[in-house]
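Residue-level structure breakdown
Here's the letter readout for the chains.
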Amino acid sequence: MKEKIEEIRKSAKEKIDKIQNLQELQDLKVKLLGKKSELSELLKGLGELAKEERPKIGSLVNETRQEIEQKILEAEDVLKEKAMNQKLEKEKIDITAPSTKMRRGSKHPLNRVIEEIQDIFVSMGYDVVDGPELETDEFCFERLNLPKGHPARDMQDSFYITDEYLLRTQTSSVQARTMLANKEKTPIRMICTGKTYRREDDATHSHQFNQVEGLVVDYKDKNTSLADLKGTLEIFMKRMLGPNTELRFRPSYFPFTEPSYEVDVTCFKCGGKGCPLCKKTGWIELLGSGMVHPKVLEMNGYDPEKYSGFAFGTGIDRLAMFKYGITDMRYLYTNDVRFLSQFDRQDKD
Ligand code: DAH
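Nothing here was measured: the structure is a model prediction, and the numbers come from that model.

1. Overview of the overall build of the protein
Scanning the protein for helices and strands turns up 12 helices and 10 strands. Taking 349 residues into account, the globule formula puts the C-alpha radius of gyration at 20 Å, and the protein, at 43 Å, lies well above it. Across the 349 residues of the protein, 42% fall into the buried class. Within the protein, contacts between residues at least 6 apart in sequence are counted, and of these 67% link residues at least 24 apart. Only carbon and sulfur atoms are counted for the fraction: they give 51% of the accessible area of the protein, which is about 20,800 Å².

What follows is the structure, encoded as structure tokens:
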């Protein structure tokens, strides 16, 4: 019997030494010490031994069992450490390896210009308001003194959806909306930036473009005059295009302003000396403006006897082109990353 136990002990130790991983060790533990193991069988059969033999053999079996248990625990420690080392090895980060390049996006030049315009006007106390791109004929034209059949409607080729609905051709529609929405008829100082649509498509025009509209309405005795309009546009343009920018006001016609002016700025390229871009004139036509037509005030709930105001509008795409020296408007809409990323560091932000 003693030999048998000795044999179990020896073979158990050999088996444990050969084990390579924790799962195998677990399986072996069950085999060596479980209910069906040879040692357990031996204990069960103690009763068949002679009485004086029983305690000796019993304690020998138990000693062996403890010894095997101890050996398994030791093996377990070794294997656990090995597993941990393998894991650490596998998950090691090589901090000297070259990193995968993360492509960083950059703000679109149009959005830069829009934000800059908003900042300039907010600093002068204007509200930034919004209006729908799908507009009614009423707000886009009629309430701006452009009744149906008015010849000036031909200036803007429109995308009509139905007889009454169209894609707005100008952000001027927001003038009427703002005046009408202001129930108390308090003074207005607002700009609106947004998309506009016209049926044209060539190198300098796109069927979709952006405009900014400005409207100031105040009590007549506050003297909201042409001088205020000039001063405002001068601040706007100088801050957008540089302090040396000069403005030139030319009488013009817009149905919603009277008098109306087109505003030219000194050519950003030649500084006013004359070059191919400005067709040797030194000036570039940029804005439309004027004093709000009394009819427009009246149609939108402001008594022209009590109120006066001025309005202006310009194309943001053209402004962005001048500011950044972009020669083809289509670059603004093709979303070529090589083009867009050039504007990454051109501003302070
Ligand atoms: N809405 C005009 C256009 O799209 C621009 C314009 C001209 C806006 C005169 C105005 C203005 O507010 O007073 O051509």
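Now, onward.
2. Points about the site of the ligand
Taken together, 15 residues lie near the ligand, and Gln170, Ser172, Arg198, Gln211 and Glu213 sit nearest. Gln175 has a polar side-chain atom sitting 3.2 Å from an oxygen atom of the ligand. At 2.9 Å, a side-chain N or O of Gln211 approaches an oxygen atom of the ligand. When the ligand sits alone it has 360 Å² of accessible area, and the protein chains cover 90% of it. Classifying every residue of the shell around the ligand by side-chain character gives four nonpolar, nine polar and two charged.

3. Brief notes about the sheet that holds strand β3 (residues 159-160)
Read from one edge of the open sheet, three strands run β2-β4-β3, paired in antiparallel fashion. Each of the sheet's edge strands pairs with one partner strand only, and the pair in question is β2 (134-136) and β3. The pairing of β3 with strand β4 (residues 165-167) spans two bridges and is classified as antiparallel. Along β4, the bridge assignment pairs Tyr160 with Leu166.

4. Considerations on the pairing of strand β9 (residues 283-292)
A regular strand places its side chains so that they alternate between the two faces of the sheet. With eight of its 10 residues buried, β9 lies for the most part within the structure. Alignment of β9 against strand β10 (residues 307-315), held across five bridges, turns out to be antiparallel. Looking at the pairing, Gly288 lines up with Gly313 of β10.

5. Quick look at the environment of Phe312
Note that Phe312 resides in strand β10. Judged by its relative accessible area of 2%, Phe312 is buried. Remark: the alpha-carbon pair of Phe312 and Tyr126, spanning 186 residues in sequence, is separated by 13 Å. When near neighbours in sequence (up to four residues on either side) are disregarded, Phe312 contacts Phe121, Tyr126, Ile191, Val212, Glu213, Gly214, Leu229, Leu233, Gly288 and Ser289.

6. Quick look at the pattern of salt bridges
For the structure on display, the rule yields 21 salt bridges. Between Asp17 and Lys71 there is a salt bridge; the shortest N-O distance is 3.1 Å. Here Asp17 is found in helix α1 (residues 2-18), whereas its partner Lys71 is found in helix α4 (residues 53-90), with 54 residues between them in sequence. Since its relative accessible area comes to 21%, Lys71 is described here as partly exposed. Ionic pairing is found between Glu89 and Lys92, a salt bridge with its closest N-O pair at 3.8 Å. By relative accessible area, which is 54% here, Glu89 ends up exposed.

7. A closer look at the side chain of Ser206
Following the sequence through the fold, Ser206 ends up in the loop between β5 (188-197) and β6 (208-219). Taking the relative accessible area as the measure of exposure, Ser206 reaches 11% and is therefore buried. Only 2.6 Å separates the side chain of Ser206 from the backbone oxygen of Gln208, close enough to count as a polar contact.

8. Some thoughts on the domain arrangement of the protein
When cut into domains, the protein gives domain 1 (2-90) and domain 2 (109-348). Taking only C-alpha atoms into account, the centre of domain 1 sits 90 Å from that of domain 2.

9. Section: the nonpolar core
Counting 42 residues, the largest nonpolar core has Val113, Ile117, Leu233, Phe236, Met237, Phe312 and Leu319 as the members making the most contacts within it. Once residues lying within four places of it in the same chain are set aside, the contact partners of Ile117 are Ile191, Val212, Phe236, Met240, Ile316 and Leu319. Judged by nonpolar contacts, the second largest core, of 21 residues, contains Leu215, Phe254, Val292 and Tyr302.

10. Considering the pairing of β6
Taking burial as the measure, the 12 residues of β6 include 10 buried ones, the bulk of the element. Both β5 and β6 contribute to a ladder of 10 bridges, which runs antiparallel. For Thr196, the partnering residue across the bridge sits in β6 and is Phe209. As judged from the nine bridges shared by β6 and β10, these two strands associate in the antiparallel manner. Across the sheet, residue Asp218 finds its bridge partner in β10, namely Ser308.

About the thresholds
- Residues numbered from 1 in each chain as written.
- Predicted model: local features only at pLDDT ≥ 70, side-chain atom pairs only at ≥ 80, totals over all residues.
- Heavy atoms only, no water.
- Helix = DSSP H or I, 4+ residues; strand = E, 2+ residues; numbered from the N terminus.
- Rg over C-alpha atoms; globule rule 2.2 N^0.38 Å.
- Buried < 20%, exposed > 50% of the residue type's maximum accessible area, 1.4 Å probe, protein only.
- Contact = heavy atoms within 4.5 Å.
- Areas by Shrake-Rupley, 256 points an atom, 1.4 Å probe, with all protein chains shown as cover.
- Near = heavy atom within 4 Å.
- Polar contact = N/O pair within 3.5 Å; in protein donor to acceptor, adjacent residues only side chain to side chain.
- Nonpolar A, V, L, I, M, F, W, Y, C, P; charged D, E, K, R; others polar.
- Pairing = 2+ DSSP bridges.
- Salt bridge = Lys/Arg side-chain N within 4 Å of Asp/Glu carboxyl O.
- Domains from an automatic or database assignment.
- Core = buried A, V, L, I, M, F, W, Y, C linked by side-chain atoms within 4.5 Å.

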